[in-house]
Amino acid sequence: MSPTRPANRPAAPYGPTRRLTTAQALIAFLARQYTERDGRRQRLISATWGIFGHGNVAGIGQALLEAGHAGDPAAPGHRMPFLQGRSEQAMVHAAVGYARQSGRLSAHAVTTSIGPGATNLVTGAALATVNRLPVLLLPGDTFATRPADPVLQQLEVPYAGDVSVNDCLRPVSRYFDRITRPEALIPAALQAVRVLADPVETGAVTLALPQDVQAEAYDWPEEFFAERDWHVRRPAPDTAELEAAVRAIRSARRPLIVAGGGVRHSAAEETLAAFTAATRIPVASTQAGKGALRHDHPADVGGIGHTGTATADELARTADLVIGVGTRFTDFTTASGTLFSNPAVRFLHLNIAASDAHKLAARPLVADARAGLEALTAALAGRGYRVDPAYETEYTGAKEAWEEKVEASFATPVPTARPTQTQVLGLLDALVTEDDILINAAGSLPGDLHRLWRTRSRDQYHVEYGYSCMGYEIPAAIGVLLAEAARGARSRDHRPVWALVGDGTYLMNPTETVTAVQENLPLKLVILQNHGYASIGGLSEAVGAERFGTAYRHRDADGGFTGPPLPVDLAANAASLGMRVLRAATVDELGKALAEARDAEGPTCVYVETETPDTVSGPPPAQAWWDVPVAETASRPAAARAREEYDRQAASRRRHL
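Remember, it's a predicted structure, so these values are computed and weren't measured experimentally.

S.K.: Before we go on, may I ask you to explain the overall build of the protein in this structure?
M.R.: Counting its regular elements, the protein contains 24 helices and 23 strands. Against the compact-globule benchmark of 26 Å for 657 residues, the protein has a radius of gyration of 26 Å, which places it among compact chains. Expressed as a percentage of the 657 residues in the protein, the buried residues total 57%. Put simply, 77% of the contacts in the protein that link residues at least 6 apart link residues at least 24 apart. Charged side chains of the protein number 65 positive and 73 negative; the gap between the two group centres comes to 4 Å.

S.K.: Help me understand the packing of aromatic side chains, please; the structure alone is not making it clear to me.
M.R.: Within a pair of aromatic rings, the relevant descriptors are the distance that separates the centres and the angle that separates the planes. This model, assessed by the stated rule, comprises 13 aromatic pairs. Ring plane angle 70° and centroid distance 5.1 Å describe the contact between tyrosine 533 and tyrosine 552, whose orientation is recorded as edge-to-face. Separated by 19 residues along the polypeptide, tyrosine 533 in the loop between strand E21 (523-529) and helix H21 (534-542) and tyrosine 552 in the loop between H21 and helix H22 (570-576) bring together distant segments of the chain. The exposure class of tyrosine 552 is buried, given its relative accessible area of 18%. The side chain of arginine 18 reaches across the aromatic face of phenylalanine 225, ending 4.6 Å from its centre.

S.K.: So what exactly am I meant to see when it comes to the sheet that holds strand E22 (residues 580-584) here?
M.R.: Two strands in a sheet stick together by hydrogen bonds in their backbones, pointing the same way (parallel) or opposite ways (antiparallel). An order of E19-E18-E20-E21-E23-E22 is seen for the six strands of this open sheet, with the pairing classed as parallel. In the strand order of this sheet, the two ends are held by strand E19 (461-463) and E22, each with one partner. On average, each strand axis in the sheet is tilted by 20° relative to the strand beside it, whichever way the strands run. Sheet analysis places strand E18 (residues 437-440) next to E19, joined by three bridges and oriented parallel.

S.K.: Looking at this model, I keep getting lost on the nonpolar core. Mind explaining?
M.R.: Buried together is how nonpolar side chains tend to be arranged in soluble globular proteins. In this structure, Ile249, Leu272, Ile304 and Phe340 are the most contacted members of the largest nonpolar core, which totals 52 residues. The greatest single-element share of this core, amounting to six residues, is contributed by helix H14 (residues 369-380). If we skip the residues at most four places from it in the chain, isoleucine 249 touches Phe275, Ile281, Leu321, Ile323, Leu348, Leu376, Leu380 and Tyr385. Counting 51 residues, the second-largest nonpolar core is a separate cluster that includes Val110, Leu169, Val501 and Ala571.

S.K.: So what exactly am I meant to see when it comes to the sheet that holds strand E15 (residues 321-325) here?
M.R.: Read across the open sheet, the six strands follow the order E14-E13-E12-E15-E16-E17; overall the sheet is parallel. The open sheet has two edge strands, strand E14 (300-303) and strand E17 (363-366), and neither has a second partner. Going from strand to strand, the sheet's axes swing by 20° on average, the running direction of each strand aside. With four bridges joining them, strand E16 (residues 346-351) and E17 adopt parallel strand pairing.

S.K.: Would you mind going over the pairing of E15 with me for this structure?
M.R.: With five of its five residues buried, E15 lies for the most part within the structure. Here E15 shows two buried faces, one formed by Leu321, Ile323 and Val325 and the other by Val322 and Gly324. As judged from the five bridges shared by strand E12 (residues 255-259) and E15, these two strands associate in the parallel manner. Each residue of the ladder has a partner; that of isoleucine 257, found in E15, is isoleucine 323.

S.K.: Can you help me understand the packing of helix H10 (residues 269-279) against H14 in this one?
M.R.: Helix packing geometry: the angle between the two helix axes and the distance between the axes. Close contact between H10 and H14 brings their axes to 9 Å; oriented N to C, the two are set at 25°. The orientation of H10 relative to H14 falls into the category roughly parallel. The hand of the H10/H14 crossing is left-handed. Where H10 approaches H14, its residues Thr271, Leu272, Phe275 and Thr279 are matched on the opposing element by Arg370, Leu373, Glu374, Leu376, Thr377 and Leu380. When its residues are assigned to classes, the contact of H10 with H14 shows five nonpolar, three polar and two charged.

S.K.: Just checking my understanding: could you explain the environment of glycine 15 for this structure?
M.R.: Examined against the element boundaries, glycine 15 turns out to sit in the segment before strand E1 (17-21). In the structure, glycine 15 is positioned 281 residues away from aspartate 296 in sequence and 60 Å away in space, judged by C-alpha atoms.

Cut-offs and rules
Residues numbered from 1 in each chain as written. Predicted model: local features only at pLDDT ≥ 70, side-chain atom pairs only at ≥ 80, totals over all residues. Heavy atoms only, no water. Helix = DSSP H or I, 4+ residues; strand = E, 2+ residues; numbered from the N terminus. Rg over C-alpha atoms; globule rule 2.2 N^0.38 Å. Buried < 20%, exposed > 50% of the residue type's maximum accessible area, 1.4 Å probe, protein only. Contact = heavy atoms within 4.5 Å. Lys, Arg positive; Asp, Glu negative; His and termini not counted. Charge placed at Lys NZ, Arg CZ, Asp CG, Glu CD. Phe/Tyr/Trp six-rings, centres within 6.5 Å; stacked < 30°, edge-to-face > 60°. Lys NZ or Arg CZ within 6 Å of the ring centre and 35° of its normal. Pairing = 2+ DSSP bridges. Axes fitted to C-alpha atoms, helices over the stretch in contact; angles between N-to-C directions. Core = buried A, V, L, I, M, F, W, Y, C linked by side-chain atoms within 4.5 Å. Parallel < 35°, antiparallel > 145°, perpendicular 65-115°, else oblique. Left-handed = near helix turned anticlockwise from the far one by under 90°. Nonpolar A, V, L, I, M, F, W, Y, C, P; charged D, E, K, R; others polar.

Structure, rendered in structure tokens:
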């Protein structure tokens, strides 16, 4: 206890007390928090990731040592497992992957030191909050008592003495508090877990912990350490909203469902399938919602929006009622406001968050996705609603035509040739079963996957595209593997988990391959070497920037980057981090390497240089527009031409008020 502080008084009004440091009390509290939904109970915070420094080693670090090795002798189930990370951002990504695979019902905490360790959390926190996925952040903070000012890594703000670098986390956190007194932890910790367990409010939650407060002892009420169950609600729709929704559906002639991530978070896939079986309404999916129906379900018409299928996007253009289920309707889904072009189109949004349910001037149906779909199915039963058979024939025929394009993209007619990116996906498509999980987040792969991938199970498709963060894939795959292990599977029974990354993404954040090696997790890492930013290169060309600064090449005589490819060996890098590496130079070699990696019991990397699809069938082009502003004036012809196209596309934008 700091000599500058008054002695702690026993918390007599609360009954018996226990003397612990603030850090010890926090870890003991977290180990006793549970979520419950549909009768299933699980730990809310099942493990803590950490990298230690002077801001957390003596507080949270010491508490985790005790909680992981000794725990509470009277309650051995309340230990707090520790996971060692290499990058603070990556630790958050791993926690997000774990939370998503756990259905948002279980999460991880992440602790860091002050200074760079804390600010490195910001990107991961933004990703968690944008995607509505729970993660608890426990960054160290500067001294509350200010025995020396400034201390190492402290940010000095002349106009505010109570600001630290942790304030960077405020706008990307759903709840933020700085614990400047031990007793302040009690209400803050309760609020933190409330937000984490709330499907409407969840995201990154930050408790900033001054390093002196972490180590300070206090007489904590035993009630603080009681087991608590946080019930995850399934709110049913309001009766009036439900009746209005039923009327809107019954009057629709060309309805289209847009399934988002809320379908998965609610575990509403079977309910959605039952609803479509009754109504025959087609289902398009966002990136987060892909897998809401299996790819071979008659009503599934694939991805929607800029990276969607021709089938889904054409249905969207002619739809008279768009039924959003658990989606935020981002610009990729709406094609920047150009996709839903029927003058008569109306929107019905089923969403647990009222703020999302009212988007696009929609008729809201505020409810849990499963509860809402069940209510709609029951309300429509017996009223004779089903789409016109001609409409059903139309979209099933269009789906068959699109599948021919998928087959052409996946085809590998020359086994000795270097594969294109879509051919890599085709080889995986031929190999995987419903057990496999694919993880991706950035580059050109999300577009190819959204348009082409044939999803076989509700959780096979794990593409983070809310924040589209390079470097997410490897740590997220570790989080997914840990979530699967938490379900009780033996190590050799792990589901195959694939992290698909381009060379740009790999260079952003390869560090957690060391964690996969340390934990002996059977991560299957596929590195596609295309010598640059393929996605942004294509976008750059489309907007008149001529692929400037997007290739990984030596400089040319004019100072540009059009020289030979850089002699970077990413396979050797992965091997140096402890992974087993399989190199593949041809289509035939790649097929064998992928099969070998799938059967591997330890972390394995498949490395392949991909060919540009100039001479073979590549992916179908974008089926809808995406607004990236183009220079209004420019001296270079490419930019001038791009601006003409931009003005043409932007003219079709429609604001749904």
